[in-house]
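# Fold and contact review
Each chain is listed here by its residues.
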Amino acid sequence: MGQTLTEKILDDHLVEGDLVPGEEIGIEIDQTLSQDTTGTMVWLQFEALEMDEVQTELAAQYCDHQTYQFDFKNTDDHRFLRSAAGTYGAYFSRPGNGICHNVHKENFAAPGKTLLGSDSHTPTPGGLGQLAIGAGGIDIAVAMGGGAYHVEMPEVVNVRLEGELPEWATAKDVILELLRRLSVKGGVGKVLEYTGPGVETLSVPERTTITNMGTELGATSSIFPTDEKTEEWLAQFDREDEFVDLGPDEDAEYADEIVVDLSDLEPLVSKPSMPDEVVPVREVEGEQVEQVIVGSCTNGAYEDILPSAKMLEGRQVNAGTEMIVAPGSKQASEMLAREGWTAEMMAAGVNFSEATCGACIGIGHVPASDSVSLRTFNRNFEGRSGIEDDSVYLCSPEVATAAAIAGEIVDPRDLADELGDLEAPGFELADKYSAGYGADDPDIITPDEAIDDELIKGPNISSVPVKDPIDEDVSGETLLKMGDNITTDHIIPATSDILKFRSNIERLSEFTLSRIDDTFAERAKNAGSSVLVAGENYGQGSSREHAAMCPMFLGVEAVLAQSFARIHKANLFNFGLIPLTIDEETYERIEQGDDVEIVDDARAGVESGQEEFTIRVNDDWEATAYLDASERERRTLAAGGKLSLTKQRHGDSGATSSADD
Ligand code: MIC
Ligand code: SF4
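Residues numbered from 1 in each chain as written. Chains lettered and ligands numbered in written order. Predicted model: local features only at pLDDT ≥ 70, side-chain atom pairs only at ≥ 80, totals over all residues. Heavy atoms only, no water.

## Examining the sheet that holds strand β8 (residues 149-152)
Taken in spatial order, the 3 strands of this open sheet run β1-β2-β8, and their pairing is antiparallel. In this open sheet, the two edge strands, each paired with only one partner strand, are β1 (14-16) and β8. Adjacent strand axes in the sheet meet at a mean angle of 45° when their direction is disregarded. (Pairing = 2+ DSSP bridges. Helix = DSSP H or I, 4+ residues; strand = E, 2+ residues; numbered from the N terminus. Axes fitted to C-alpha atoms, helices over the stretch in contact; angles between N-to-C directions.)

## Some words on the environment of His13
By the secondary structure assignment, His13 is in helix α1 (residues 5-13). For the pair His13 and Ile29, spaced 16 residues apart in sequence, the C-alpha to C-alpha distance is 7.4 Å. Excluding residues that lie within four positions of it along the chain, His13 makes contacts with Gly26, Ile27, Glu28, Asp30, Gly112, Lys113 and Thr114. Here the side chain of His13 touches Ile9 through a polar contact of 2.8 Å, landing on its backbone oxygen. Within the local environment of His13, its side chain forms a polar contact with the side chain of Asp30, the two groups lying 2.7 Å apart. (Contact = heavy atoms within 4.5 Å. Polar contact = N/O pair within 3.5 Å; in protein donor to acceptor, adjacent residues only side chain to side chain.)

## Regarding the site of ligand 1
Among the 14 residues in the neighbourhood of ligand 1, the closest are listed as Thr37, Asp119, Ser120, Ser543 and Arg544. Separating an oxygen atom of ligand 1 from a backbone N or O atom of Ser543 is a distance of 2.7 Å. Arg544 is positioned such that a nitrogen or oxygen atom in its side chain is 2.5 Å from an oxygen atom of ligand 1. Relative to its unbound accessible area of 340 Å², ligand 1 is 96% covered by the protein chains. Taken together, the residues of the shell around ligand 1 sort by class into 1 nonpolar, 8 polar and 5 charged. (Near = heavy atom within 4 Å. Areas by Shrake-Rupley, 256 points an atom, 1.4 Å probe, with all protein chains shown as cover. Nonpolar A, V, L, I, M, F, W, Y, C, P; charged D, E, K, R; others polar.)

## A word on the UniProt feature "domain: Aconitase A/isopropylmalate dehydratase small subunit swivel" (unreviewed entry) in the chain
UniProt tags residues 521-584 as "domain: Aconitase A/isopropylmalate dehydratase small subunit swivel" (unreviewed entry). With 39% helix and 23% strand, residues 521-584 has end C-alpha atoms that lie 27 Å from one another. (UniProt positions renumbered as here; feature names shortened; annotations may be inferred.)

## Some thoughts on the packing of helix α6 (residues 171-182) against helix α7 (residues 204-212)
Where α6 contacts α7, the two axes come as close as 8 Å, and the packing angle between them is 25°. One finds that α6 runs roughly parallel with respect to α7. Classified by chirality, the crossing of α7 by α6 is right-handed. The segment α6 lies against α7, with Ala171, Lys172, Val174 and Ile175 engaging Glu206, Thr209 and Ile210. (Parallel < 35°, antiparallel > 145°, perpendicular 65-115°, else oblique. Left-handed = near helix turned anticlockwise from the far one by under 90°.)

## Notes on the nonpolar core
As a rule of thumb, soluble globular proteins bury nonpolar side chains together. If you look at the biggest cluster of nonpolar residues, it comprises 75 residues, and the most contacted ones within it are Trp43, Phe520, Leu532 and Tyr538. Among all residues touching Leu532, those that are not within four sequence positions of it are Leu480, Met482, Leu513, Phe520, Tyr538, Val556, Ala558, Val559 and Leu560. Formed by 40 residues, the second largest nonpolar core is a distinct cluster that contains Leu312, Val325, Ile405 and Leu422. (Core = buried A, V, L, I, M, F, W, Y, C linked by side-chain atoms within 4.5 Å. Buried < 20%, exposed > 50% of the residue type's maximum accessible area, 1.4 Å probe, protein only.)

## So, the site of ligand 2
Neighbouring ligand 2 are the residues His65, Ile99, His101, Asp119, His121, Cys297, Cys357, Cys360, Ile361, Asn378 and Arg384. A per-class count over the shell around ligand 2 returns 5 nonpolar, 4 polar and 2 charged.

## Comments concerning the packing of aromatic side chains
Scanning all chains against the criterion turns up 9 aromatic pairs. Between Tyr68 and Phe70 the ring centres are 5.9 Å apart and the planes differ by 15°, which places this aromatic pair in the stacked class. Ring geometry for Tyr538 versus Phe564: centroids 6.4 Å apart, planes at 85°, classification edge-to-face. Of this pair, Tyr538 sits in the loop between β22 (530-534) and α19 (546-553) while Phe564 is found in the loop between β23 (556-561) and α20 (566-574), placing the two residues 26 residues apart along the sequence. In this structure, Tyr538 and Phe564 share a single accessibility class: buried. These aromatic residues form a ring-pair network of at least three members: Trp43, Phe46 and Tyr88. When the ring centre of Tyr587 is taken as origin, the NZ or CZ atom of Lys481, which lies over that ring, is 4.5 Å away. Residue placement shows Arg589 over the ring face of Trp621; its charged tip is 4.2 Å from the ring centre. (Phe/Tyr/Trp six-rings, centres within 6.5 Å; stacked < 30°, edge-to-face > 60°. Lys NZ or Arg CZ within 6 Å of the ring centre and 35° of its normal.)

Here's what the structure looks like:
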């Protein structure tokens, strides 16, 4: 039987297990990436593993989320990251050089290689045939130490693209259409593999918009085959020698097939406050818009911003609307400037941000109260923009720019009819990125150019908390009962007032679940030990392991949910919290404030492979909760987490010559 492209790359990197969907496999990782807000924990954990240097072909550390450095703590984090990259042999991308996914794609992403990154949008370079997966920080640290990455073998779904995009429909509309059909949990446990005649009509930046936002479906990864378009794009960066011809076998078998006819697509938008609330733009036309932002890791390439620039040529941004362009990388900014588009857009009334995540997580450009913000980003979770009850819509650069011109949401086709002279900008590749990148890039410090050979820690950089092995008795009060689709932004928000404590778990934990209940941290501390209850898809969104570390630090022992998002569930194992699945009836019955006790010996049960646990609620009624975990996850959990396990194995010194799993 033939193989899918995903299976081929996994097969090439397989070190444990078989490629059977649902079973755990271990794969070798060629490249890693980490960014500033998850990276400090990555390197602190790498330090705790007592490794001398990075073992992967390539490791890259980016400073991209909080580059405005509002607080010395941010700058200290960046200096620490530079020192860690230098000490252990990683590439270091300086603050302001761009968002990890964009800079990695431009400089290092390579077809056929595996990439593991401490950011949920790591699958972005799937658009050029790389198999890239997002994970928690300690998984990156272990991979950098030469350890395998373990993941449930996903089902590979064939997304067959037919036809060609009509005018004004874009790659963003392809992924919004999939979100409309599948929802934010429709991709859990799956890799979306794109095939069909529509593929060759899309260029690499368009493909990476689609693979980037596959994360919003909950997918493990998304991937495109490679072709002349891939080679052409790599050549723009003088990297054509990294091209590899990759695709599925003709008789490859997929778990499922989804057909998207590109020619049927029209401009779409995600309504507040979930990426899958997708409707045609025409359904929400007329909504007044006070802010428009074009950019981010989803649509921040030069080629994504160019259509906006063309639409604004000779026009002006509406007086009632602010328009900001936030390029994904300095390369994109520099290209726009060199080609004259920056001046053109500035003359139209656009403001430029540095190449940073920034506004995507509420750092700068926070919308006004009771206002609509239209963004080309990938997430619009409530409050993420920096103001509670925000109204953030997600769309393509074309739809965003049409709104900036009109001052209200408008389908660009209708705006074009109204204005008479607004042409569809189409998609155009840059001629060549010739501005002295690669080896001469002053913003990427290669391992050979490193200026540090020891770690530099500022006063806010503390150590990684390590949990004790789990106890035989696990019980606690249900301190919070939550609904479906709780995001890691709810668990540990990322706004700038909070982000500065990412390297200091004691301080950060004070904000745990504050977006849902600001008394939570205090109550958890007082309770000593507690449990959380949630509905479906608990922990969707970011890869931040802080969303497991902080509850653990506050004494949460177990999370009882109807289902979990993939990365968060792995993070719960990695930090010794028991992720138990409950059915709808139990979820409905259990109330906030209820005392929950695992009746069985929890430790013995976890270790022995027990799948069903009896929980007793308020000493009154009982129900069954399920633990779906591999043998390796059970060992990790029983030990109190991955770091505790490593320390126990190596007699507390943690010292090892290559990282274990
Ligand atoms: C996000 O988009 O939510 C982030 C901020 O990039 C996170 C990483 C983090 O929390 O630092 C992600 O996607 O993993
Ligand atoms: Fe940065 Fe936003 Fe992309 Fe996350 S989703 S990496 S915060 S731009």
